[in-house]
Amino acid sequence: MNLTLHERSEKILKQRIKQLNPRDPFNFVFMGDSRGDGPNDNCFTMSGEFELVLKKAVELNPLFIIHGGDTVYTGKKEYLEHFVKVVEKIAPNIPMFVCVGNHDELYLDESNLENFRATIGKVHWVIDIPVFNFRCIALNNVISPKNKIYGFTDRELNYLEQQLEDAPRNTVVAMHAQPNIGRWSNLEGFPVTTPQSQEFFDLIQEHRVKKVLVSHVHAYDEQFIRKNRNGSFTLGRGTDFVLSGGAGAPLDFEPPLILNNYNFTEFFVSRYDILGPLLWKDFGRPRRNCL
């Protein structure tokens, strides 16, 4: 029986966790938006950057890689299978766990994840490493890919609340779309003023989530965001939101972001804290011509 990417990754991670020394921090990588154009291309992405990004990540020997979504341009089964094939070739011994992006949906239609589940695997997943007081919770905040609507359903918030009930000190939330706030105000993320979004911020602040990892925008940026009691927000304080969407998709050059370049981020986890992001960029040029 063929394993999904998630099932394969769970098996590898289980073995790698056994090799950890609790006295030494472990590292993990977060990247997003590779958006491959399917098996007919002679490179995974139009420029071949995803291969370079992933190869550099593998060199760091992270315990695992989190992909923030938009693995492919459209969620046809052959596209997603091609993504899995490339990952297994370049990173055969590194687990990769994937959040759902709007382009991972079947034909960009409403909430159709049949092909994603058949190839990538679980939509909702949790990585627990108790000896490091670590938990990563994956959310699906793509409500309507066709209409570019992002945010949180009541069901999604109930799931998050359940996972946060006994959250350890090193808790991370990973999802695709970023909040529409600060430098990200006009970048097709999720609105921060809806009741569901306000509840999301209340939950992550109440349970002291250390990092929220997002992609969706093809660049790099970081914002600290705190929701106030009156529903307003303060920037520069609060929860650390890290945006890394530079794993191969066409770059966004217009928004006022920190870095408009191909990138991924690295984090270091001890029993007491999560350090990072450490930003990686400048991966060179593909050795072969691409479309």
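Here the structure is shown first, and the text comes after it.
So, how was this worked out
Residues numbered from 1 in each chain as written. Predicted model: local features only at pLDDT ≥ 70, side-chain atom pairs only at ≥ 80, totals over all residues. Heavy atoms only, no water. Axes fitted to C-alpha atoms, helices over the stretch in contact; angles between N-to-C directions. Helix = DSSP H or I, 4+ residues; strand = E, 2+ residues; numbered from the N terminus. Parallel < 35°, antiparallel > 145°, perpendicular 65-115°, else oblique. Left-handed = near helix turned anticlockwise from the far one by under 90°. Contact = heavy atoms within 4.5 Å. Expected span 1.5 Å × (residues − 1). Pairing = 2+ DSSP bridges. Salt bridge = Lys/Arg side-chain N within 4 Å of Asp/Glu carboxyl O. Buried < 20%, exposed > 50% of the residue type's maximum accessible area, 1.4 Å probe, protein only. Phe/Tyr/Trp six-rings, centres within 6.5 Å; stacked < 30°, edge-to-face > 60°.

Caption draft 1: Highlighting the packing of helix α2 (residues 49-59) against helix α3 (residues 77-90). Direction vectors running N to C along α2 and α3 enclose 40 degrees, while the axes themselves pass 10 Å from each other. By the angle between their axes, α2 is oblique relative to α3. Considering how the two elements wind past one another, α2 and α3 form a crossing that is right-handed. Along the contact surface, α2 presents Phe-50, Glu-51, Leu-54, Lys-55 and Val-58, while α3 presents Phe-83, Val-86, Val-87 and Ile-90.

Caption draft 2: Structural context of α3. Its 14 residues give α3 an end-to-end C-alpha distance of 20 Å, which sits within 8% of 20 Å, the value for a rise of 1.5 Å per residue. Considering only its buried residues, α3 is in contact with α1 (5-18), α2, β2 (65-67), β3 (96-98) and α4 (114-119).

Caption draft 3: Spatial organisation of the sheet that holds strand β13 (residues 263-269). Across the sheet, five strands lie side by side as β3-β2-β1-β13-β14; this open sheet has mixed pairing. Edge positions in the sheet fall to β3 and β14 (274-281), since each has one partner strand and no second. For this sheet, the mean inter-axis angle between neighbouring strands, taken without regard to orientation, is 25 degrees. Strand direction decides the pairing type here: strand β1 (residues 26-31) and β13, joined by five bridges, are antiparallel. Bridge assignment links Phe-28 to a residue of β13, and that residue is Phe-267. Lying over the sheet, α2 contacts β1, β2, β3, β13 and β14, oriented at roughly 170 degrees with respect to β1.

Caption draft 4: Geometry of the sheet that holds strand β9 (residues 211-214). The seven strands are arranged β4-β5-β8-β9-β12-β10-β11 in an open sheet whose pairing can be described as mixed. In this open sheet, the two edge strands, each paired with only one partner strand, are β4 (126-129) and β11 (233-235). When the angles between neighbouring strand axes are averaged without regard to direction, this sheet yields 20 degrees. For β9 and strand β12 (residues 239-244), the ladder comprises four bridges, and the chain directions are parallel. Note on β12: the bridge partner recorded for Leu-213 is Val-242.

Caption draft 5: The pattern of salt bridges, seen in detail. The tally for this structure, following the rule as stated, stands at 11 salt bridges. The salt bridge partner of Arg-135 is Asp-166, with a shortest N-O separation of 3.0 Å. On the criterion of sequence distance, the pair formed by Arg-135 in strand β5 (residues 134-138) and Asp-166 in the loop between α5 (154-164) and β8 (170-174) is long-range, its members being 31 residues apart. Classification of Arg-135 by relative accessible area gives buried; the value is 9%. Among the salt bridges present, the one from Asp-240 reaches Lys-211, with a minimum N-O distance of 2.7 Å. With a gap of 29 residues between them, Asp-240 in strand β12 and Lys-211 in strand β9 connect regions that are remote in the sequence.

Caption draft 6: Structural context of the pairing of β14. With six bridges joining them, β13 and β14 adopt antiparallel strand pairing. Residue pairing for β14: Phe-268 is matched across the bridge by Leu-275. From the end of β13 to the start of β14, which pair antiparallel, there are four residues.

Caption draft 7: Structural detail: the packing of aromatic side chains. Under the criterion given, the structure shown has 21 aromatic pairs. Here Phe-28 and Phe-64 contribute two aromatic rings whose centre-to-centre distance is 5.1 Å and whose plane-to-plane angle is 15 degrees, an arrangement assigned as stacked. With a gap of 36 residues between them, Phe-28 in strand β1 and Phe-64 in the loop between α2 and β2 connect regions that are remote in the sequence. Of the two residues examined, Phe-28 and Phe-64, each falls in the buried class. Plain terms: the ring middles of Phe-200 and Phe-201 are 5.4 Å apart, the flat faces sit at 75 degrees to each other, and that makes the pair edge-to-face. Taken individually, Phe-200 and Phe-201 each receive the classification buried, so the pair is uniform in this respect. Among the aromatic side chains, those forming a connected cluster through ring pairs are Phe-26, Phe-28, Phe-64, Phe-97, Trp-125, Phe-132, Phe-134 and Phe-267.

In short, geometric facts, not functional conclusions.
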